[in-house]
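# Structural overview
Here is what each chain is made of, one letter per residue.
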Amino acid sequence: MTREEQYKATLAKYLPLEAVDDVFVFLTQTNQVKMRITPRRNSKLGDYRWPQPEHPYHEISVNGNLNPYLFLWVLLHEMAHLNTHKLFGTRVQPHGHEWQQEYARLLANYQFPPDIEKLKQRYIRRIPLKRQLMLDIEAQLHHYDPDYKQEDYLMVKNLEPGTRFCIKGQNDRIFKLEERVRTRFKCLDEADGRRYLITGSALVEEI
């Protein structure tokens, strides 16, 4: 097996098969990218690092525990950061207008399952991109997890007022849901007595 075949075989373990060739070209031919597949990280799904003296190359990492469609969704997010950096350097905001345009352009070139595709088309239809719709898409993408169970993906917006909960993976803080404020929810932190606005798509565990 050639190095190219080995590289594509590795990508095929994580990506939808129809995306492998195009992603391979982006990572190895259009750009020279160090691609890292990481263990699960609760703090983030992926990241991008631009070339610097201590690592003079583009670097993208994505959590390896993601299902293929969510992996692709996150990878395109980081690919958009790379393209934006090539065009504008550090002169623009990380998720500003320029990045949003590039992310929408990349997303338009890849196909997702029909339920995701419908949401994706709404998402990329106009700039600025809607953060709440992005979170809804990411939540829907979890339906393609091989061990998906609906009860494992309880979200703030599914809770009744007065419910006590913690953010999934962060059980050191307990909140109580108070009321909806547009697309977010006002919640009381029982430890410090302060109120926070939490997105309705945040994954939670009921107490």
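As a starting point, this report considers the structure included with it. (Residues numbered from 1 in each chain as written. Predicted model: local features only at pLDDT ≥ 70, side-chain atom pairs only at ≥ 80, totals over all residues. Heavy atoms only, no water.)

### Description of the pattern of salt bridges
Under the defined criterion, the tally for this structure stands at 13 salt bridges. With its nearest N and O atoms 3.2 Å apart, the salt bridge here joins Glu 4 to Lys 8. In this pair, Glu 4 and Lys 8 are both assigned in helix H1 (residues 3-12), 4 residues apart and thus about one turn of the helix distant. Residue classification places Glu 4 among the partly exposed residues on the basis of a relative accessible area of 41%. Note on Lys 8: relative accessible area 23%, which makes it partly exposed. As a salt-bridge pair, Asp 47 and Lys 44 come within 2.7 Å of each other at their nearest N and O atoms. Under the relative-accessibility criterion, Asp 47 is labelled buried at 16%. A network of salt bridges, in which partner residues are shared, links Glu 4, Lys 8 and Asp 21. (Salt bridge = Lys/Arg side-chain N within 4 Å of Asp/Glu carboxyl O. Helix = DSSP H or I, 4+ residues; strand = E, 2+ residues; numbered from the N terminus. Buried < 20%, exposed > 50% of the residue type's maximum accessible area, 1.4 Å probe, protein only.)

### Section: the state of the cysteines
Disulfides are covalent bonds that link the sulfur atoms of two cysteine residues. Counted according to the given criterion, the structure contains 0 disulfides. Lacking any disulfide linkage, Cys 166 is separated from the closest cysteine sulfur, that of Cys 187, by 12 Å. Residue Cys 187 is classed as buried on the basis of its relative accessible area, which comes to 0%. (Disulfide = S-S within 2.5 Å.)

### Some thoughts on the sheet that holds strand S2 (residues 46-49)
Taken together, the 3 strands give an open sheet; going across it, the order is S1-S3-S2, and neighbouring strands pair in mixed fashion. Across the chains shown, the open sheet's two edge strands, defined by having one partner strand only, are strand S1 (33-38) and S2. Taking each pair of neighbouring strands and ignoring which way they run, the sheet shows an average axis angle of 15 degrees. (Pairing = 2+ DSSP bridges. Axes fitted to C-alpha atoms, helices over the stretch in contact; angles between N-to-C directions.)

### A short note on the packing of aromatic side chains
Scanning the model with the defined rule gives 10 aromatic pairs in all. Relative to Phe 71, the ring of Tyr 14 has its centre 5.5 Å away and its plane inclined at 25 degrees; by these criteria the two rings are stacked. Residue Tyr 14 is located in the loop between H1 and helix H2 (20-30), and its partner Phe 71 is located in helix H3 (residues 68-88); the two are separated by 57 residues in the primary sequence. Residue classification places Phe 71 among the buried residues on the basis of a relative accessible area of 1%. On the numbers, 5.7 Å between centres and 75 degrees between planes, the contact of Trp 73 with Phe 112 is edge-to-face. Placement of the pair is Trp 73 in helix H3 and Phe 112 in the loop between helix H4 (97-108) and helix H5 (114-124), with a sequence separation of 39 residues. Under the relative-accessibility criterion, Trp 73 is labelled buried at 0%. Taken together, the ring pairs connect Trp 73, Trp 99, Tyr 103, Phe 112 and Tyr 123 into an aromatic cluster. Here the basic side chain of Arg 173 rests over the ring of Tyr 196, its NZ or CZ set 5.2 Å away from the ring centre. (Phe/Tyr/Trp six-rings, centres within 6.5 Å; stacked < 30°, edge-to-face > 60°. Lys NZ or Arg CZ within 6 Å of the ring centre and 35° of its normal.)

### A few points about the environment of Glu 151
Tracing the sequence through the fold places Glu 151 in the loop between helix H6 (131-141) and strand S4 (164-167). In the structure, Glu 151 is positioned 54 residues away from Glu 205 in sequence and 9.1 Å away in space, judged by C-alpha atoms.

### A short note on H3
Compared with the 30 Å implied by 1.5 Å per residue over 21 residues, the 30 Å span of H3 between its first and last C-alpha is a close match. With respect to burial, H3 is a largely interior element, 16 of its 21 residues being buried. One side-chain oxygen of the residue at the start of H3 lies 3.0 Å from the amide nitrogen of Tyr 69, identifying that residue as Asn 67. Backbone geometry just after H3 places Gly 89 at a positive phi near 60 degrees. (Expected span 1.5 Å × (residues − 1). Polar contact = N/O pair within 3.5 Å; in protein donor to acceptor, adjacent residues only side chain to side chain.)

### Focus on the environment of Thr 163
Within the secondary structure, Thr 163 sits in the loop between H6 and S4. A C-alpha to C-alpha distance of 36 Å links Thr 163 and Ser 61, two positions 102 residues apart in sequence. If we skip the residues at most four places from it in the chain, Thr 163 touches Phe 175, Lys 176, Leu 177 and Glu 206. Looking at Thr 163, its side chain comes within polar contact range of the main-chain oxygen of Glu 160, at 2.6 Å. (Contact = heavy atoms within 4.5 Å.)

### Side note on the sheet that holds strand S7 (residues 195-199)
Strand order in the open sheet formed by 5 strands is S7-S6-S5-S4-S8, and the pairing between neighbours is antiparallel. At either end of the open sheet lies a strand with only one pairing partner, and these are S7 and strand S8 (204-206). Ignoring strand direction, the axes of neighbouring strands in this sheet form an average angle of 45 degrees. Both strand S5 (residues 170-181) and strand S6 (residues 184-189) contribute to a ladder of 6 bridges, which runs antiparallel. By the bridge assignment, Arg 180 is partnered in S6 with Phe 185.

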